[in-house]
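A closer look at the structure
Okay, here's what each chain looks like letter by letter:
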Amino acid sequence: MQNQRRHAHVLVVTYPAQGHINPLIQFAKRLTSKGVKTTVATTLYTVKSINVSSTIAIEPISDGFDEGGFNQAPTLQAYLESFKAAGSKTLTELIMKLNNSGTPVCCVAYDLMLPWALDVAKDFGISAAMMLTNSASVCSLYWHINQGGLNLLAKQETLAAPPMPGLPSLDVSDLPTLILDIFGICEENDWVFCNSFEELESELVEALMAKWPVVMIGPMVPSFYLDSRIEGDTSYGASLWNYDNDQCLKWLDSMPLKSVVYVSFGSMASISNEQFQEIAWGLKASNMPFLWVAKELKDNQLLELIDSIGEMGLVVKWCNQLEVLAHQAVGCFVTHCGWNSTLEGLSLGVPMVCVPQWSDQPTNAKFLAHVWKVGVRAKQDQGIVTREELGNCLREVMIGERSGEIKSNASKWKELAKRAVSVGGSSDRNIDEFIAKLLKPDQ
Ligand code: UDX
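Only a predicted model underlies this, so the values are computations on that prediction, with no experimental measurement involved.

Scoring rules and cut-offs
- Residues numbered from 1 in each chain as written.
- Predicted model: local features only at pLDDT ≥ 70, side-chain atom pairs only at ≥ 80, totals over all residues.
- Heavy atoms only, no water.
- Phe/Tyr/Trp six-rings, centres within 6.5 Å; stacked < 30°, edge-to-face > 60°.
- Buried < 20%, exposed > 50% of the residue type's maximum accessible area, 1.4 Å probe, protein only.
- Helix = DSSP H or I, 4+ residues; strand = E, 2+ residues; numbered from the N terminus.
- Arc of directions from axis to C-beta.
- Contact = heavy atoms within 4.5 Å.
- Domains from an automatic or database assignment.
- Buried area = accessible area lost by both parts, 1.4 Å probe.
- Near = heavy atom within 4 Å.
- Polar contact = N/O pair within 3.5 Å; in protein donor to acceptor, adjacent residues only side chain to side chain.
- Areas by Shrake-Rupley, 256 points an atom, 1.4 Å probe, with all protein chains shown as cover.
- Nonpolar A, V, L, I, M, F, W, Y, C, P; charged D, E, K, R; others polar.
- Axes fitted to C-alpha atoms, helices over the stretch in contact; angles between N-to-C directions.
- Parallel < 35°, antiparallel > 145°, perpendicular 65-115°, else oblique.
- Left-handed = near helix turned anticlockwise from the far one by under 90°.
- Patch = residues over 30% accessible without salt bridge, like charges linked within 9 Å, V, L, I, M, F, W, Y side chains within 5 Å.
- Salt bridge = Lys/Arg side-chain N within 4 Å of Asp/Glu carboxyl O.
- Pairing = 2+ DSSP bridges.

So, on to the packing of aromatic side chains. The final tally for this structure, using the stated rule, is 19 aromatic pairs. Their ring planes at 85° and their centres at 5.0 Å tell us that F224 and Y225 sit as a pair that is edge-to-face. Look at F224 and you get partly exposed, because its relative accessible area is 45%. According to the relative accessible area criterion, Y225 is buried, its value standing at 12%.

A few words now on helix α7 (residues 202-209). One turn of an α-helix holds 3.6 residues; hence residues three or four places apart share an orientation. Among the residues of α7, L204, V205 and L208 are the ones counted as buried. The buried residues of α7 occupy an angular sector of 100° when the element is viewed end-on, so they sit on one face. Taken together, the buried residues of α7 touch α6 (136-146) and β8 (214-216).

With that settled, the discussion passes to the domain arrangement of the protein. Assigned domains within the protein: domain 1 (9-238 + 420-439) and domain 2 (245-417). Taking only C-alpha atoms, the centre of domain 1 and the centre of domain 2 are 26 Å apart. Contacts between the two partners involve 36 residues from domain 1, matched on the other side by 27 residues from domain 2. Regarding the contact of domain 1 and domain 2, the summed buried area is about 2600 Å², with carbon and sulfur atoms giving 64% of it.

Now for the site of the ligand. Around the ligand there are 23 residues in total, and S267, C319, S341, E344 and D360 lie nearest to it. Here an oxygen atom of the ligand sits 3.5 Å away from a polar atom, N or O, in the main chain of M268. A distance of 2.7 Å separates an oxygen atom of the ligand from a polar side-chain atom of Q361. Protein burial of the ligand: of its 670 Å² of free accessible surface, 95% is covered by the chains. The set of elements that each furnish at least two residues to the shell around the ligand consists of α2 (18-33), β10 (260-264) and α12 (339-347). Broken down by class, the residue content of the shell around the ligand amounts to seven nonpolar, 14 polar and two charged. Of the residues that make up the shell around the ligand, three or more belong to each of domain 1 (9-238 + 420-439) and domain 2 (245-417).

The subject of this paragraph is the packing of α6 against α7. Where α6 contacts α7, the axes come no closer than 9 Å and their chain directions differ by 45°. Comparing the axis directions of α6 and α7 gives the class oblique. Remark: the crossing between α6 and α7 carries left-handed chirality. Mapping the contact onto sequence places A136, S137 and S140 in α6 and L204, V205 and L208 in α7.

Among the surface-exposed residues, L178, M268 and W358 lie close enough to one another that they form a single nonpolar patch of about 260 Å² accessible area. Here W358 shows up in the loop between β14 (352-354) and α13 (361-371).

Let us now look at the sheet that holds strand β1 (residues 9-13). Taken in spatial order, the seven strands line up as β4-β2-β1-β5-β6-β7-β8 in an open sheet, and their pairing is parallel. With partners counted over all chains shown, the strands left at the sheet margins are β4 (58-61) and β8, one partner each. The mean inter-strand angle of the sheet, taken between neighbouring strand axes irrespective of direction, is 25°. With five bridges joining them, strand β5 (residues 107-111) and strand β6 (residues 127-132) adopt parallel strand pairing. The partner of C107 across the bridge, within β6, is S127. Its contacts with the sheet put helix α5 (residues 117-124) on β5 and β6, and the angle it makes with β5 is roughly 175°. Along the sheet face, helix α16 (residues 426-439) touches β1, β5, β6, β7 (191-194) and β8 and points at about 155° away from the line of β7.

Another aspect to go through is the packing of helix α4 (residues 76-100) against α5. As a packed pair, α4 and α5 sit with axes 10 Å apart at the nearest point and diverge in direction by 40°. For the element pair α4 / α5, the angle class is oblique. In this structure, α4 crosses over α5, and the sense of that crossing is right-handed. Residues S88, L91, T92, I95, M96 and N99 of α4 lie in contact with α5, whose contacting residues are A117, V120 and F124.

Read across the open sheet, the six strands follow the order β12-β11-β10-β13-β14-β15; overall the sheet is parallel. Looking at strand neighbours, the two that pair on one side only are β12 (313-316) and β15 (375-377), the edges of this open sheet. Taking each pair of neighbouring strands and ignoring which way they run, the sheet shows an average axis angle of 15°. As paired strands, strand β11 (residues 290-293) and β12 are joined by four bridges and run parallel to one another. From the neighbouring strand, L291 faces β12, where its bridge partner is L314.

Tracing the sequence through the fold places H9 in strand β1. At a separation of 2.8 Å, a polar atom in the side chain of H9 contacts the side chain of T39. For H9, the side chain forms a polar contact with the main-chain oxygen of T103, separated by 2.7 Å.

Okay, here's the thing in structure tokens:
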């Protein structure tokens, strides 16, 4: 079998944001660990500027901004158009190069932000897999909204009925704020891989399978935390920012079991000064030790903030979030509910306080608080969570009446996530079936 597997070569093409690089590189590592040759492609600027683990074969393509990357583009739309033009050409050249230098590429697995990669795969006559980096539920909502099934302009408080089986009843405030319009091409793919697992969204996935060739393969969390089949796999392996995790781990080691509040808003959300102040004072008043990733603060602001909130906390610019969430001292995760952070919190069994900002995050928060019941959603007053509200939420999750139920649900989902990716689990079987199909496409 291993010999046969050498004939399969999957090219994984990722959008160059941390929340996309992480799950797609993890997918590449899983395939490699199963004996499938896998190459990752992302932008030249990203390849030059990140530290990538030496075990990952990574190749550059162009987004048209080789010197400065995404930040050089005037708008997201302009960036995506430039990426489509330069990316289609350079991805084609890359596949030709890889085909001439060893095992030919037989499948392109591409990020949902790069739908043009499907045409490149079709030109070569090889298979294509779209990689969904959001939950299946969120993708089904995007699709439904694109179909005109939801009138967002109507501004009603609660939607008449959930638009798909398996979705809860939704308020307008639970819907994604940024709508992606790429789901029309889902059915043209051989596979639509979703970074989620069947047990988490079972009813919805069943309904979705009638529309798209959707396959659940997640959670794409480094295997050290879930099934340890890839030796030493304790990080995703490609960080856009430097960090000093020894400092975080040393500090966490000195804290009591499940006492620390970990706060992070991911890689893209931009938190207003007012919100920063409310979080800082809310954390101080809670009297709970905290570790706060405050990525975008300038150094002098950071120092002022550290001074003002005293000795209870550690504020850093970036960390290895997985190592932190897996630490026994961490008892709660204040999160923006990005899909990766959501899956990581679930997979590591950490109760959450949800402070969604934009995009798919409000919907993820709805599921965390009301469907999977592993946390609470903080009330926002004109977009701001006040210090009092943060304090109330922290108490509810850490010591309140519902804290026992929340912790036990968090442990349940941790176990189910682990089972899904362990040998014979639902996601593991799905990946094996994909590999078998690649090797014997006619069956
Ligand atoms: C955003 C969206 O909200 C997400 O749902 C979408 O799918 C991608 O774009 P982002 O804001 O980056 O993503 O959040 P998230 O999806 O949570 O990804 C952040 C990643 O960075 C996580 O994998 C997390 O482990 C990592 N991280 C975060 C660190 O490694 N260190 C940190 O200090 C903070």
